[in-house]
Amino acid sequence: MKTATRLVHFDPAPKDPYRPMATPIYQTATFEQEHADSFGEYDYSRSGNPTRRVLEDHMAALEGGARGFAFSSGMTAIATVTRLLKAGDEIVADWDLYGGASRLFDSVVRRAGVTVRLVDGTDIDAVRAAVGPATRMLYVESPTNPLLRVLDLRALAAVAKDCGLLFCVDSSAMSPYLQQPLALGADIVIHSGTKLLCGHSDVMAGAVVVKDEALAKEIYFLQNAEGTALGPMDCFLLLRGLKTLKLRIDAQQANAQRIAEHLHLHYPQLEVAYPGLQGDAAYAVQAAQATGAGVLLTFRAGSPAAAKQIAGGLELFKIAVSFGSVNSSISIPYGMSHASVPADQRAARGIPEDLLRISCGIEDADDLIADLTAQIAKL
Ligand SMILES: *Cc1c(COP(=O)(O)O)cnc(C)c1O
């Protein structure tokens, strides 16, 4: 079955005698046990909860992994994966990371004695050269955020395999509808469920899906030991969001394509970047490993002041961090989502101060284009 079918075709309530169409919210911390010396399937919600289990199994099936895990945020999902490493180990990561991931790697992970070496993930030889005797993990996002570079996940998986590294892909910008990193050779897929999976800007959530049972055992241990799992109500909301993932992404992505093409054609000075634009550096790699280019695009306003003027003048694009919602939004990554990147890295990474990032919603494309062009005309 195709992903579109699997998104809605799953058992929403295993073993429930009433056969509800929606997953019940098991809003309980603890479960009564028949005996004091032998526990049932569930005993305490930190360790396992039926609502969460449906979501976790659903995510595992959608990503084609052995098991899925739902976390309280994308950040706890990432933090948990980094805990697979121990002091002295090293992560090789692409340098264009989500701001929160940069901060986590630079401070928290480093504090645990794990070093992070940043490389250009589009340069496969450079990635191979960066791997040293202490390297245990290769960590990337694709498309990257905010520069929308696309990394060749199959080629990176081959490097990881040759060098015996765990290959982790943060696929938040794609969702399992557009890209399935495990099938491309990744060991671990990470999602900020807050973004496309939820799609309505009303849940903070994260997900990890792993390739095999050995990794599943370790992630499960960490999720339970640290108490980082997602609550039942939020699991329900994420399950509901997932049912419309295809519809939302189809509509949002079509809007992104229309807007990118319009701006590219009529305002070449804006340097529109979108992996779905033919001629974009990322186009061919994206087309080879994903079924769509996603809902994010960027362009340059010309100056930081112009970027602020455009963002502030728009009516339909709300100024907000995050992306993937049914509502369109706009941000200036330099001062917003990526303000948490350590200052020296932010300069080295070359995130332009006048870069605007748009997340396309499900509004009418003509309305969105009219809103944008009205502000661009005022420059
Ligand atoms: C937002 C985001 C995260 C962090 O997720 P939260 O749910 O905000 O904790 C991680 N990775 C990427 C690519 C993101 O966009």
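The preceding data block contains the structure.
Treat the numbers as computed from the prediction; the structure is a model and nothing was measured.

### Here's the deal with the site of the ligand
So, step 1. Around the ligand lies a shell of 15 residues, among which Gly-74, Asp-170, Ser-192, Thr-194 and Lys-195 are the nearest.
So, step 2. Take Gly-74: an N or O atom from its main chain is 2.9 Å from an oxygen atom of the ligand.
So, step 3. One of the side-chain N or O atoms of Thr-194 is found 2.6 Å from an oxygen atom in the ligand.
So, step 4. For the ligand, the protein covers 94% of the area, taking 380 Å² as the surface of the free molecule.
So, step 5. The greatest single-element share of the shell around the ligand, amounting to three residues, is contributed by helix H3 (residues 74-82).
So, step 6. Looking at the shell around the ligand residue by residue, the classes come out as six nonpolar, six polar and three charged.

### Remarks on the pairing of strand E11 (residues 355-359)
Consecutive residues of a regular strand have side chains that alternate between opposite faces of the sheet.
So, step 1. In terms of burial, E11 is a largely internal element, five of the five residues being buried.
So, step 2. Side chains Leu-355, Arg-357 and Ser-359 project from E11 onto one buried face, and the interleaved Leu-356 and Ile-358 project onto a second face that is buried too.
So, step 3. Two elements, strand E10 (residues 329-331) and E11, share three bridges in a ladder whose sense is antiparallel. Across the sheet, Ser-329 pairs through a bridge with Ser-359, a residue of E11.

Criteria and cut-off values
Residues numbered from 1 in each chain as written. Predicted model: local features only at pLDDT ≥ 70, side-chain atom pairs only at ≥ 80, totals over all residues. Heavy atoms only, no water. Near = heavy atom within 4 Å. Polar contact = N/O pair within 3.5 Å; in protein donor to acceptor, adjacent residues only side chain to side chain. Areas by Shrake-Rupley, 256 points an atom, 1.4 Å probe, with all protein chains shown as cover. Helix = DSSP H or I, 4+ residues; strand = E, 2+ residues; numbered from the N terminus. Nonpolar A, V, L, I, M, F, W, Y, C, P; charged D, E, K, R; others polar. Buried < 20%, exposed > 50% of the residue type's maximum accessible area, 1.4 Å probe, protein only. Pairing = 2+ DSSP bridges.

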